[in-house]
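So you can see what is in the structure, the chains are spelled out below.
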Amino acid sequence: FPVFDAGFCRFGALICADGRQPEIARSLAVNGAHGVRHVRTHFGELAGWLPLPEHRRPVLMPLAGRGGVATLRVALHFAEQLEEKIVVPGSLLVAATGGGLILSDVSGYQDDLPAWIVVSIALWVAAAVIAFTVQNPAVKRALAVLEGAADNGPVPQAMGPIAGRLDRVGKVLALLAILSLFLMTWRPGLW
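As the structure is a computational prediction, the values presented were derived from the model and not from experiment. (Residues numbered from 1 in each chain as written. Predicted model: local features only at pLDDT ≥ 70, side-chain atom pairs only at ≥ 80, totals over all residues. Heavy atoms only, no water.)

Draft legend 1. Expanded view of the environment of Ser 91. Inspection of the secondary structure assignment puts Ser 91 in helix α4 (residues 69-103). As a C-alpha pair, Ser 91 and Ala 128 span 37 residues in sequence and 9.0 Å in three-dimensional space. (Helix = DSSP H or I, 4+ residues; strand = E, 2+ residues; numbered from the N terminus.)

Next comes the structure, spelled out in structure tokens:
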């Protein structure tokens, strides 16, 4: 299974039904992948909310958990790198650009800021606070739990509550992002 070099990390890709085969993710990790991306997950992150059986949910954590400690460790390290190298800089760039547009004459909002923009900014700030104070520490705790575990061994029991928290907080963050995106797309009051 091929592994791709993205400069800051090496990753492998799972496509559709590949996600049901933990051996494929494990093979990618053995081949040097720092992260594994399930393409179906990319298009349906919130599918974990659907009432589907666990083995049918297109999310990475159950797959990685079934793939063993090495796969889960790779997934968490990849998430950390993705956050550090893409998510945080991208979010700051979006915030700076949005702030610049709001304060400029181009947007027409410098004198009268609509409520939907204020709510979108509040949602973004809430997501950032939750990510930095809850999600990131949970990822670090998960990595600490996995540190002493054997690569081919079972996932430690202590990961259960941490994985549950990561899942719940991830869903809250996704909901905040969707609400903010909805407001920025719909722009209430402009129709």
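Draft legend 2. Spatial organisation of the side chain of Arg 73. Within the secondary structure layout, Arg 73 lies in helix α4. Separated by 3.1 Å, the side chain of Arg 73 and the backbone oxygen of Ala 149 make a polar contact. Those residues within four positions of Arg 73 in sequence are excluded, and the remaining contacts are Leu 143, Leu 146, Glu 147, Ala 149 and Asp 151. (Polar contact = N/O pair within 3.5 Å; in protein donor to acceptor, adjacent residues only side chain to side chain. Contact = heavy atoms within 4.5 Å.)

Draft legend 3. Just helix α6 (residues 159-186), in detail. Over its 28 residues, α6 runs 40 Å from end to end, which matches the ideal 40 Å to within 8%, given 1.5 Å per residue. Of all the residues in α6, the buried ones are Met 159, Ile 162, Gly 164, Leu 166, Val 169, Leu 173, Leu 176, Ser 180 and Leu 183. Taken from the residues just after α6, Arg 187 is the one with a positive phi, measuring 50 degrees. (Expected span 1.5 Å × (residues − 1). Buried < 20%, exposed > 50% of the residue type's maximum accessible area, 1.4 Å probe, protein only.)

Draft legend 4. Here's a closer look at the pattern of salt bridges. For the structure shown, the criterion picks out four salt bridges. The closest approach of N and O atoms between Glu 80 and Lys 140, which form a salt bridge, is 3.1 Å. Remark: Lys 140 occurs in helix α5 (residues 115-147) and Glu 80 occurs in helix α4; sequence separation between them is 60 residues. By relative accessible area, which is 24% here, Glu 80 ends up partly exposed. (Salt bridge = Lys/Arg side-chain N within 4 Å of Asp/Glu carboxyl O.)

Draft legend 5. Focus on a nonpolar patch on the surface. On the surface, Leu 92, Leu 113, Val 118, Ile 121, Trp 124, Val 125 and Val 129 cluster together into a nonpolar patch covering about 580 Å² of accessible area. The leading source of residues in the nonpolar patch is α5, at five residues. As for its position among the elements, Leu 92 is in helix α4. (Patch = residues over 30% accessible without salt bridge, like charges linked within 9 Å, V, L, I, M, F, W, Y side chains within 5 Å. Areas by Shrake-Rupley, 256 points an atom, 1.4 Å probe, with all protein chains shown as cover.)

Shape is all these values report; function is a separate question.
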